[in-house]
Amino acid sequence: MSDPTPSLAIPADEIAFEFYRSSGPGGQNVNKVETAVRLRFALAASRVLDEEQKARLARLAGRRVTADGELIIEASRHRTREKNREDALERLAHWVERALAPPRPRKKTKPSRAAGRRRLEAKRRTGERKRSRRAGDDE
């Protein structure tokens, strides 16, 4: 069991790791050691998230979710495989935490009377400025 959030434990069979060679500068082992990590989370098949949470996570993750419903996180910031693996898990935890929190409902607000007056006054000034620019207006 992986524990990305304190309130939720994701079963290990829903997460898969793939290791590959990291791009960019690296040193002696750059072409020999597979340190970059690709984490695959079976979002569509997840048993611990309900449908609303899955939809929220898919919307938040955007392009990171495949057509098959897999969330893919790539981590190659660090030089070691283990650090990159931890980084990928932390990022998964971040996305899942954000998806678990339901969005706050928007409270409808009304502009103050003073704000309405300021807006109308600004519109009046703009209209006067444009009227004064008209050609042939000899008042």
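Residues numbered from 1 in each chain as written. Predicted model: local features only at pLDDT ≥ 70, side-chain atom pairs only at ≥ 80, totals over all residues. Heavy atoms only, no water.

### Here's the deal with the confidence of the model for the protein chain
And then number 1: Mean pLDDT over the protein chain: 85, with 87% of residues reaching 70 or higher.
And then number 2: Mean pLDDT across the elements of the protein chain ranges from a minimum in strand 1 (residues 2–5), with 50, to a maximum in helix 3 (residues 113–133), with 96. (pLDDT = per-residue confidence, 0-100. Helix = DSSP H or I, 4+ residues; strand = E, 2+ residues; numbered from the N terminus.)

### Some remarks on the nonpolar core
Here is a general trend for soluble globular proteins: nonpolar side chains tend to be buried in one another's company.
And then number 1: Of all hydrophobic cores here, the largest spans 19 residues; its most connected members are Phe41, Leu57, Leu71 and Leu92.
And then number 2: Those elements that place two or more of their residues in this core are strand 2 (8–10), strand 4 (36–42), helix 1 (51–61), strand 5 (70–75) and helix 2 (81–100).
And then number 3: Tallying contributions element by element places helix 2 first for this core, with five residues. (Core = buried A, V, L, I, M, F, W, Y, C linked by side-chain atoms within 4.5 Å. Buried < 20%, exposed > 50% of the residue type's maximum accessible area, 1.4 Å probe, protein only.)

### A word on the sheet that holds strand 4
Working definition: the strands of a sheet are paired by backbone hydrogen bonds and lie parallel or antiparallel to each other.
And then number 1: Taken together, the three strands give an open sheet; going across it, the order is 3-4-5, and neighbouring strands pair in antiparallel fashion. Edge strands, defined here as strands with exactly one partner in the open sheet, are strand 3 (15–20) and strand 5. Sheet twist, expressed as the mean angle between neighbouring strand axes with direction ignored, is 20°.
And then number 2: In the sheet, strand 3 pairs with strand 4 via six bridges, with the strands oriented antiparallel. Counterpart to Tyr20 in the pairing with strand 4 is Ala36.
And then number 3: Running over the sheet, helix 2 touches strand 3, strand 4 and strand 5 and is turned about 135° from strand 5. (Pairing = 2+ DSSP bridges. Axes fitted to C-alpha atoms, helices over the stretch in contact; angles between N-to-C directions. Contact = heavy atoms within 4.5 Å.)

### Topic: the environment of Ala16
And then number 1: Structurally, Ala16 can be placed in strand 3.
And then number 2: Judged by its relative accessible area of 37%, Ala16 falls in the partly exposed class.
And then number 3: Taking the C-alpha atoms as reference points, Ala16 and Ile72, 56 residues apart in sequence, are found 9.7 Å from one another.
And then number 4: If near-sequence neighbours (up to four positions away) are discounted, Ala16 is found in contact with Arg38, Leu39 and Arg40.

### A closer look at the side chain of Lys54
And then number 1: Looking at the element boundaries, Lys54 is found in helix 1.
And then number 2: A polar atom in the side chain of Lys54 sits 3.0 Å from the backbone oxygen of Ser46.
And then number 3: Excluding residues within four positions of it along the chain, Lys54 makes contact with Leu43, Ala44, Ala45, Ser46 and Leu49. (Polar contact = N/O pair within 3.5 Å; in protein donor to acceptor, adjacent residues only side chain to side chain.)

### Considering the pattern of salt bridges
When the charged atoms of two side chains with opposite charge come close together, those side chains can pair.
And then number 1: Scanning the model with the defined rule gives 14 salt bridges in all.
And then number 2: Linking Glu51 and Lys54 is a salt bridge whose minimum nitrogen-to-oxygen distance equals 3.4 Å. Here Lys54 and Glu51 lie together in helix 1, a separation of three residues that amounts to about one turn.
And then number 3: A relative accessible area of 60% places Glu51 in the exposed class.
And then number 4: Here Lys54 falls in the buried class, since its relative accessible area comes to 10%. (Salt bridge = Lys/Arg side-chain N within 4 Å of Asp/Glu carboxyl O.)

### Details of a positive patch on the surface
And then number 1: There is a patch of like positive charges on the surface, built from Lys110, Arg113, Arg117 and Arg118.
And then number 2: Take Arg118: it is sitting in helix 3. (Patch = residues over 30% accessible without salt bridge, like charges linked within 9 Å, V, L, I, M, F, W, Y side chains within 5 Å. Areas by Shrake-Rupley, 256 points an atom, 1.4 Å probe, with all protein chains shown as cover. Lys, Arg positive; Asp, Glu negative; His and termini not counted. Charge placed at Lys NZ, Arg CZ, Asp CG, Glu CD.)

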